[in-house]
Amino acid sequence: MYKLLLILKYLRRKLAPLFAALAVTLCTAMVIIVISVMGGFLDMLKDSAKSITGDLVIEAAFGLRGFPAYDGLTQRLETMDEVAVATPAIRSMGLINFANGPTPVLVHGIDFAGMDAVIGLQDRAVWGEQDVADRTQLIEEMGGYERQGLERGGEAMREALPVDPGEGNGVAGAWLGVEVFPGNYRQDDGTYDFDNSFVGGSFTLTVVPVSERGTLGSVEPARQTLLVRNDFKSGLYDVDSQTVLLPLGVLQRMLRMDERMGFVGDVDPDTGEGGELQVVAPARVNRVVVKVDETTLDTRTLEEVRDQVDTVVGAYFDEVGVNQPVYVDTWEDQHGQLIGAVQNEKGLITFLFIVISAVAVVMVATTFYMTVLEKTRDIGTLRALGASRLGIAALFLGYGLAIGVVGAAAGTGLAAAVVTYLNEIQAFLASALGVTGWLAVALVGGAVLGATLGVVIGFIRRHLLWWVTVLAGTLAAALFVPALGLVLFKTGFAEQLNTTFSFQMWDPQTYFFDTIPARLDGLEVGLIALGAVVSSVLGAVVPALVASAQDPVEALRYE
Amino acid sequence: MSEPLLEANGLGRTFREGGRSLVVLDGVDFTVDDGECVAILGRSGSGKSTLLHLLGGLDRPTAGVVRFRGRDVYAMNELAIDRYRNRDVGFVFQQYHLLPELSALENVRIASQIGRPRHRKRDGDTETRSTSPRERAEALLARVGLGDRLRHKPSKLSGGERPRVAIARGLMHDPAVLLADEPTGNLDADTGASVLELFAELHREGQAMVLVTHDQNVAQQADRVVTLVGGMLAPTPGSAAATV
Ligand SMILES: Nc1ncnc2c1ncn2[C@@H]1O[C@H](COP(=O)(O)OP(=O)(O)O)[C@@H](O)[C@H]1O
Ligand SMILES: [Mg+2]
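In this numbering scheme, every chain counts its residues from 1 along its sequence in written order. Following the order in which they are written, the chains are lettered starting with A and the ligands numbered starting with 1. This being a predicted model, a pLDDT of at least 70 is required before a residue's local features are given, and a value of 80 or more before pairs of side-chain atoms are given or counted; all residues contribute to the totals for chains, interfaces and linings. Values reported for side chains reflect all heavy atoms of the structure, with hydrogen atoms and water molecules removed beforehand.

### Quick look at the packing of aromatic side chains
Residue and element names in this part refer to chain A.
Here is step 1: Paired rings are identified among Phe, Tyr and Trp, the last through its six-membered ring, by centres lying within 6.5 Å, and are further divided according to the angle between planes into stacked (under 30 degrees), edge-to-face (over 60) and tilted (the rest). Enumeration according to the criterion identifies eleven aromatic pairs over all chains in this entry.
Here is step 2: Pairing Tyr-10 with Phe-396 gives two aromatic rings, centres 6.4 Å apart and planes at 45 degrees, and the pair type is tilted. Of this pair, Tyr-10 sits in helix α1 (residues 2-13) while Phe-396 sits in helix α14 (residues 389-420), placing them 386 residues apart in sequence.
Here is step 3: Pairwise contacts between aromatic rings join Tyr-10, Phe-396 and Tyr-399 into one cluster. What counts as a helix is a DSSP run of H or I of at least four residues, what counts as a strand is a run of E of at least two, and both are numbered from the N terminus.

### Notes on the sheet that holds strand β2 (residues 20-32) of chain B
Residue and element names in this part refer to chain B.
Here is step 1: Strand pairing requires that DSSP identify at least two bridges connecting the strands. Across the sheet, four strands lie side by side as β2-β1-β4-β5; this open sheet has antiparallel pairing. A single partner strand is all that each edge strand has here, and the edge strands are β2 and β5 (71-72).
Here is step 2: Of the strand pairs in this sheet, strand β1 (residues 6-17) and strand β4 (residues 63-68) are connected by five bridges, and their pairing is antiparallel. Across the sheet, the residue bridging to Ala-8 is Val-66, located in β4.
Here is step 3: By definition in these notes, contact holds between two residues if any of their heavy atoms fall within 4.5 Å. Lines fitted to C-alpha atoms define the axes, with helix axes restricted to the stretch in contact, and inter-axis angles between N-to-C directions lie between 0 and 180 degrees. Its contacts with the sheet put helix α1 (residues 48-55) on β1, β2 and β4, and the angle it makes with β1 is roughly 120 degrees.

### Focus on the interface of chain B and chain A
The figure often quoted for interface size is the accessible area lost as the parts come together.
Here is step 1: If you look at the interface, chain B gives 25 residues, while chain A gives 24 residues.
Here is step 2: Joining two parts hides part of their accessible area as seen by a 1.4 Å probe, and the buried area is that hidden amount summed over both. Summing both sides of the interface, chain B and chain A together bury roughly 2300 Å²; the carbon and sulfur share of this comes to 63%.
Here is step 3: Definition used for salt bridges: Asp or Glu carboxyl oxygen within 4 Å of a side-chain nitrogen of Lys or Arg. There are four salt bridges connecting chain B and chain A.
Here is step 4: Glu-78 of chain B serves as the salt-bridge partner of Arg-389 of chain A, at 2.5 Å between the closest nitrogen and oxygen.
Here is step 5: Polar contacts here mean pairs of N or O atoms no more than 3.5 Å apart (in protein, one a potential hydrogen donor and the other a potential acceptor; neighbouring residues in sequence count only if both atoms are side-chain atoms). Linking chain B with chain A are six residue pairs in polar contact (both at pLDDT 80 or more).
Here is step 6: At the level of secondary structure, the elements contributing two or more residues to the side of chain B that touches chain A comprise α1, α2 (78-87) and α3 (104-113) of chain B.
Here is step 7: A per-element tally of the side of chain B that touches chain A places α2 of chain B first, with five residues.
Here is step 8: Only Asp, Glu, Lys and Arg are considered charged, only Ala, Val, Leu, Ile, Met, Phe, Trp, Tyr, Cys and Pro nonpolar, and every remaining residue, Gly among them, polar. Looking at side-chain class alone, the side of chain B that touches chain A contains ten nonpolar, seven polar and eight charged residues.

### What about the environment of His-152 of chain B?
Residues and elements named next belong to chain B.
Here is step 1: As for its position among the elements, His-152 is in the loop between α4 (133-143) and α5 (161-171).
Here is step 2: With a relative accessible area of 30%, His-152 lands in the partly exposed category.
Here is step 3: Residues His-152 and Leu-102, spaced 50 residues apart in sequence, show a C-alpha to C-alpha distance of 8.4 Å.
Here is step 4: With near-sequence residues (within four places) excluded, His-152 lies in contact with Leu-102, Ser-103, Ala-104 and Leu-157. Accessible area is worked out with a 1.4 Å probe on protein chains only. A residue is then buried under 20% of its type maximum, exposed over 50%, and partly exposed in between.

### A closer look at the site of ligand 1
Here is step 1: Proximity criterion: a residue is near a molecule or strand once any of its heavy atoms comes within 4 Å of it. In the neighbourhood of ligand 1, 13 residues make up the surrounding shell, with Arg-557 of chain A together with Gly-45, Lys-48, Ser-49 and Thr-50 of chain B lying closest.
Here is step 2: Each of chains A and B places residues near ligand 1.
Here is step 3: Measuring from an oxygen atom of ligand 1, one finds a backbone N or O atom of Gly-45 of chain B at 2.7 Å.
Here is step 4: In the environment of ligand 1, an oxygen atom lies 2.6 Å from a nitrogen or oxygen atom belonging to the side chain of Thr-50 of chain B.
Here is step 5: With the chains in place, 70% of the 560 Å² that ligand 1 exposes on its own is no longer accessible.
Here is step 6: Among the elements that line the shell around ligand 1, the one with the most residues is α1 of chain B, at three residues. Areas reported as accessible are Shrake-Rupley estimates using a 1.4 Å probe. Residue values count occlusion only from the protein chains shown.

### Things to note about the packing of α5 of chain B against helix α6 (residues 189-204) of chain B
All names here are of chain B.
Here is step 1: In contact at an axis separation of 10 Å, α5 and α6 are set at 20 degrees when each is read in the N-to-C sense. Considering the angle they form, α5 stands roughly parallel to α6. Relative to α6, the crossing made by α5 is right-handed. Each of Pro-163, Arg-164, Ile-167 and Leu-171 in α5 lies in contact with α6, whose residues at this interface are Ser-194, Val-195, Leu-198, Phe-199 and Leu-202.
Here is step 2: Broken down by class, the residue content of the contact of α5 with α6 amounts to seven nonpolar, one polar and one charged. Working rule for angles: under 35 degrees goes down as roughly parallel, over 145 as roughly antiparallel, 65 to 115 as roughly perpendicular, anything else as oblique. Working rule for handedness: look at the near helix, and if it is turned counterclockwise from the far one by less than a right angle, call the crossing left-handed; if clockwise, right-handed.

### A closer look at a nonpolar patch on the surface
Here is step 1: To count toward a patch, a residue needs a relative accessible area above 30% and no salt bridge. Like charges then connect within 9 Å, nonpolar side chains (Val, Leu, Ile, Met, Phe, Trp, Tyr) within 5 Å. Residues Leu-523, Leu-527, Leu-530, Val-534, Leu-538, Val-541, Val-542 and Leu-545 of chain A make up a contiguous nonpolar surface patch of roughly 760 Å² in combined accessible area.
Here is step 2: With respect to the helices, strands and loops of the structure, Leu-545 of chain A is situated in helix α18 (residues 522-549).

### A look at the nonpolar core
Within soluble globular proteins, side chains that are nonpolar generally end up buried alongside one another.
Here is step 1: By nonpolar core we mean a set of buried residues, namely Ala, Val, Leu, Ile, Met, Phe, Trp, Tyr and Cys, connected to one another through side-chain atoms within 4.5 Å. Counting 74 residues, the largest nonpolar core has Phe-67, Leu-77, Phe-203, Leu-205, Leu-246 and Val-309 of chain A as its most contacted members.
Here is step 2: Setting aside chain neighbours within four positions, we find Leu-77 of chain A in contact with Ile-58, Val-83, Ala-86, Val-288, Val-290, Val-309, Val-312 and Val-313 of chain A.
Here is step 3: Of all hydrophobic cores here, the second largest spans 69 residues; its members include Ile-7, Val-533 and Ala-544 of chain A together with Ala-104 of chain B.

### Digging into the confidence of the model for chain A
Residue and element names in this part refer to chain A.
Here is step 1: Of all residues in chain A, 88% attain a pLDDT of 70 or more, and the chain-wide mean is 80.
Here is step 2: By mean pLDDT, helix α6 (residues 155-158) is the weakest element of chain A at 35, and α14 is the strongest at 91.
Here is step 3: Counting interchain partners and residues more than four positions distant, the pLDDT-below-50 stretch residues 145-169 has 55 contacts. Think of pLDDT as the predictor's per-residue confidence, scored from 0 to 100.

### Describing unusual backbone geometry
Here is step 1: A positive phi angle, near 60 degrees, is found at Arg-462 of chain A, a position not held by glycine.
Here is step 2: Relative to the assigned elements, Arg-462 of chain A resides in the loop between α15 (422-461) and α16 (464-489).
Here is step 3: Despite not being glycine, Tyr-96 of chain B has its phi angle at roughly 70 degrees, a positive value.
Here is step 4: Structurally, Tyr-96 of chain B is set in the loop between β6 (89-92) and α3.
Here is step 5: Judged by its relative accessible area of 8%, Tyr-96 of chain B falls in the buried class.

### Here's the deal with the sheet that holds strand β3 (residues 37-41) of chain B
Hydrogen bonds between backbone groups are what pair the strands of a sheet, and the pairing can be parallel or antiparallel.
Residue and element names in this part refer to chain B.
Here is step 1: Ordered in space as β6-β7-β8-β3-β9-β10, the six strands form an open sheet in which the pairing is mixed. Taken across any chain shown, the strands that pair with only one partner, and hence form the sheet edges, are β6 and β10 (232-235). Neighbour-to-neighbour, the strand axes of the sheet open up by a mean angle of 20 degrees, direction not taken into account.
Here is step 2: Pairing of strand β9 (residues 224-229) with β10, which is carried by four bridges, proceeds in the antiparallel orientation. Pairing of Val-226 across the sheet is with Pro-235, part of β10.
Here is step 3: Contacts between α1 and the sheet are confined to β3, β6, β7 (177-181), β8 (208-212), β9 and β10, with β7 contributing the most and set at about 155 degrees to the helix.

In structure tokens, the structure reads:
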């Protein structure tokens, strides 16, 4: 009972616990903010990394030779509980032609609907439907594609082309990675301008087919004109700067991986009759992209699912007599380097976390030790009045707990506010720091100057507090008012300030994300707050033991 | 009743300081009976505070025993000693030792908040059973003349008011014996006299007490005066009851 009373009194009356709580607050807030931003960053990277690989990829070991029977395979895979969607795809090298010459790209032939189901392709589209529709209509009104200012696109672009984004007779549609077309560039705010985009324009894609047996040379490179229907952004520069997506069927034909018919049997060489029209070579793809069922991943690792899928694929291929070797990768296997970096970051964060926690513990311990020393005689008094050792230890542990709880709560609140408004804070720092800083310097500078003067004059006149208060207030106002006047009435002054002094915490042009990625994870925040409370209690343990170990007389005699 | 309220037999206390030992108390025999007021005189450094601390269960003797109502105080376990301090003796320290964060009222009440409330009333307790600790603390402060200083922090109290709060606190749990260490030592003559008057009043009401002092006025009020010399107690010649 007396413990609670004293804890409340100690919390209210002394500066020391305020500092201890502030230390806990700042440490907690710092760790939560760092974890949230890094976590957000990692989440975004991971999400980006999955953009073209889904969760699992079944890939032909010998690249472009690919494997047949993929429709049956995807159907078989989709019967598995663990698999949500499986969609066939081809990945190949290619060249596209823009003004600056042929550019090497990675060409992905995909089933757009299937891929959308796996990785949410539509969500990664850079341009809205309305923009694309307007552009398409404009081009139709002009009778085809002919747009001023796109000379840089080369001959192929200036050709008038009928708009037929299907796979039919006209021009097949394609999506470009947003950084593929050189005209697209990130603006200061990290976004792209539709006016610069190449949507509605056409380009030529060249790929090199490989024969079924995996030989080059016997076939000519295939060229095809494609129409840009939209751009996509995964968030990984490597992907976005060199990926072209086009319909699977189109790429299959270009690569001669489509179904081949032929006459089998005895054909009369003179009449050309006889024999039977049959599939001589089945259609092939070189990868199947798989989205794993989300609930499955709650209980099992992706690696376990991968191995299971591997077994199913092997069994299916044995069944249908396909003997091309394939391997199954997780998205992490595919992006080994990135994941290595991610893992490294995690280690770094953990290390930082430990250092920060240690700092918090030491801070609290130090503050507490001082408090205990300062309270030694009171401890003696309490013991003399009958308080037990345990009671004294509990008093100071409770004090630590109270400081931890207050500090952790404040820290969590602070961190939540910062993380929630991180991008607003960044925008403010980048755009309004000048004026704010100017006014703050005027106000604080005036106050400090006044206070200093006040100390000197007040010391001489023996009326310290009065002089300090009056002079600080007066000088702060005297500087602040003209400063505000300059900002308000001198044209261009505010802008000049803001452009001269700006702090770019996050440059969207440098990073590939246009906003600072940050998310608050309830579990993480809870654990960190708990950690802060535990640290505070730990910091209080030694001082509490010291306090309770003293004999009453010793404590009473303490000076 | 033949058994003394508080009794010390052959009490010794030796301090070890830097490898040398300092014998402060050397075989002290001492008794206080119910309702008795004993004054301990002695020069500064003679060991008066040390003796009082030993009587109050705040220290540990290096020799001898302290008995409260026949029980050996230092043979009890620690919790029992805590309880002894909490219930049976009241302390008024030389420096008063009020808790600076608490108001006068809270300082007095805290004695009742430490430890479990008393379940059995003792003889001679004039307070009624229904009195709450808060009411009792207020009554005690009114009693020592501080009825209008309940909310004052120790720092806002005058030099004469602080010992009164300390006395009120010492009386809060209605101790069998009140131990006061030079309660007038830091006070000017007038304030000292009024504090003394308070002790005299308490004594008249039957409160047993031990007053450590070097003030002859205090000594005169006591039923018995003893002097601490060379680590031993001697009855003071010329005092009211000069027998130990
Ligand atoms: N904890 C201690 N360690 C060493 N010496 C002590 C300690 N406490 C008291 N003393 C010594 O014991 C002697 C008596 O002290 P004290 O009882 O306070 O005297 P008094 O109250 O009579 O003035 C003093 O000389 C003092 O220095
Ligand atoms: Mg003394």
